[in-house]
Amino acid sequence: MQNQIELLSQGIPVKMLQQAFEELSARYRTKEKPYLTSHTHYLAYLITRMPATNAALSQVFKQAHNFDPLSLLDLGAGPGTGYLAAKTYFPNLTQATLVEADAKFIALGKQLITDSVLWQHTALPCPLKPHDLVLLSYSLNEMKDPAQIVKTAWQATQQLLVIIEPGTPEGYQRIIEMRTMLLSLGAHMVAPCPNALPCPMQESNWCHFPARLSRSKLHKQLKGGDLGYEDEKFSYLIVSKTAYDTPRARIVAPLGMHTGHVQLTLCSEGELKSCTVSQKDKLLYKKCRKAEWGDSLEK
Ligand SMILES: C[S@@+](CC[C@H](N)C(=O)[O-])C[C@H]1O[C@@H](n2cnc3c(N)ncnc32)[C@H](O)[C@@H]1O
């Protein structure tokens, strides 16, 4: 994907892309719309944001590995990031409908995706056909009346509904509101919550997770810094139409690695629990040293 994005940007001076990235960042910060007003803005978006949302999508789809969707409905698909991530996790996915309001994103997506997918140039809300996997990735926050959009998305869901939002307090708040509504409509929790109990996160805290992406030279030139990777923070929700056996707990904060013990913050049974695993507990300790923020702990 990274190579294809760089091919699309060939011939455009890096300085122009840098300037477009700076303008984009300023507009996102001040919520000044429209965010993207030139071809260079779209390219700057592809270079700096698409790898990040792709990394978050991959982390989220990993949590749905027990499902086998054959069809995808992506709402606010952008350049098709959701489809590109989904097809690497769901090998039997053969049909995709990508709904997107912005014709420019569709044109770029058509250059990035050579498979046969159905691009639907429409602004939601609109009637939706049933699909196994329905996705709203980083798009709900741009839509008017998110609750109505999610209700319609749930009606179109045959197996799984996945919502991903930026890992900010606002993104988390939107996820929590949608979670409450979907549970009241009969949805079953898949992830990240290990149950359907009220969320135990306090006001000063919010449930979010990291996704690591490696940074290309062009990514570094646009965003600055030398680090070879970036951690994208996201909040998410996966619910299903059928009952699902959720894990016992989920790690909801960075792990504390100390000499002789590992400190874990777990979400379990509707509570946040701090848990210390000592070196003396050999098997569990070995497992926990390899565990990561966002992993689930099985029963
Ligand atoms: C931040 S981008 C995310 C793109 C992609 N889903 C991803 O995860 O990388 C949000 C996308 O939602 C689209 N969008 C926003 N409101 C929409 C609406 N009402 N109907 C359809 N698409 C919409 C925007 O045009 C944009 O492409």
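Cut-offs used in this document
For every chain, the first residue of the written sequence is number 1, and numbering continues from 1 along that sequence. Given that the model is predicted, a residue must reach a pLDDT of at least 70 before its local features are reported, and side-chain atom pairs must reach 80 or more before they are shown or counted; all residues, however, enter totals for whole chains, interfaces and linings. Each residue gets a C-beta atom placed from its backbone. If that atom is within 6 Å of a molecule or strand, the residue is near it. Helix and strand definitions here come from DSSP, where helices need a minimum of 4 consecutive H or I residues and strands a minimum of 2 consecutive E residues; each element is numbered from the N-terminal end. Put simply, Ala, Val, Leu, Ile, Met, Phe, Trp, Tyr, Cys and Pro go in the nonpolar bin, Asp, Glu, Lys and Arg in the charged bin, and everything else, Gly too, in the polar bin. The nonpolar core is taken to be a set of buried Ala, Val, Leu, Ile, Met, Phe, Trp, Tyr and Cys residues joined by way of C-beta atoms within 7 Å. Residues with at least 20 neighbouring C-beta atoms inside 10 Å of their own are called buried, those with 12 or fewer are called exposed, and the rest are partly exposed, where every C-beta is derived from the backbone. Delimitation of the domains relies on an automatic or database domain assignment. Note that contacts rest on C-beta atoms placed from the backbone: two residues are in contact if these are within 7 Å.

Focus on the site of the ligand
Turning to step 1, where the next piece is worked out: In the region of the ligand, 19 residues are neighbours, and Thr53, Gly76, Gly78, Thr81 and Ser137 sit closest.
Turning to step 2, where the next piece is worked out: Breaking the shell around the ligand down by element, the ones donating at least two residues are helix H4 (50-62), helix H5 (81-89) and strand S2 (95-100).
Turning to step 3, where the next piece is worked out: Per-class residue counts for the shell around the ligand are nine nonpolar, seven polar and three charged.

Some remarks on the environment of Leu24
Turning to step 1, where the next piece is worked out: One can find Leu24 in helix H2 (residues 14-30).
Turning to step 2, where the next piece is worked out: With 22 residues separating them in the primary sequence, Leu24 and Leu46 have C-alpha atoms 12 Å apart.

Overview of the nonpolar core
Turning to step 1, where the next piece is worked out: If you look at the biggest cluster of nonpolar residues, it comprises 59 residues, and the most contacted ones within it are Val162, Ile163, Ile164 and Ile238.
Turning to step 2, where the next piece is worked out: In terms of residues, this core owes the most to one element, H4, which gives six residues.
Turning to step 3, where the next piece is worked out: Residue contributions to this core reach at least three from each of two domains, namely domain 1 (2-240) and domain 2 (249-297).
Turning to step 4, where the next piece is worked out: Excluding anything up to four places from it in sequence, Ile163 contacts Leu136, Leu140, Ile175, Met178, Tyr236 and Leu237.
Turning to step 5, where the next piece is worked out: By size, the runner-up hydrophobic cluster in this structure holds 15 residues, among which are Ala20, Tyr45, Leu46 and Leu222.

Focus on the environment of Gln148
Turning to step 1, where the next piece is worked out: Relative to the helices and strands, Gln148 resides in helix H7 (residues 146-155).
Turning to step 2, where the next piece is worked out: Separated by 23 residues in sequence, Gln148 and Pro125 place their C-alpha atoms 7.9 Å apart.

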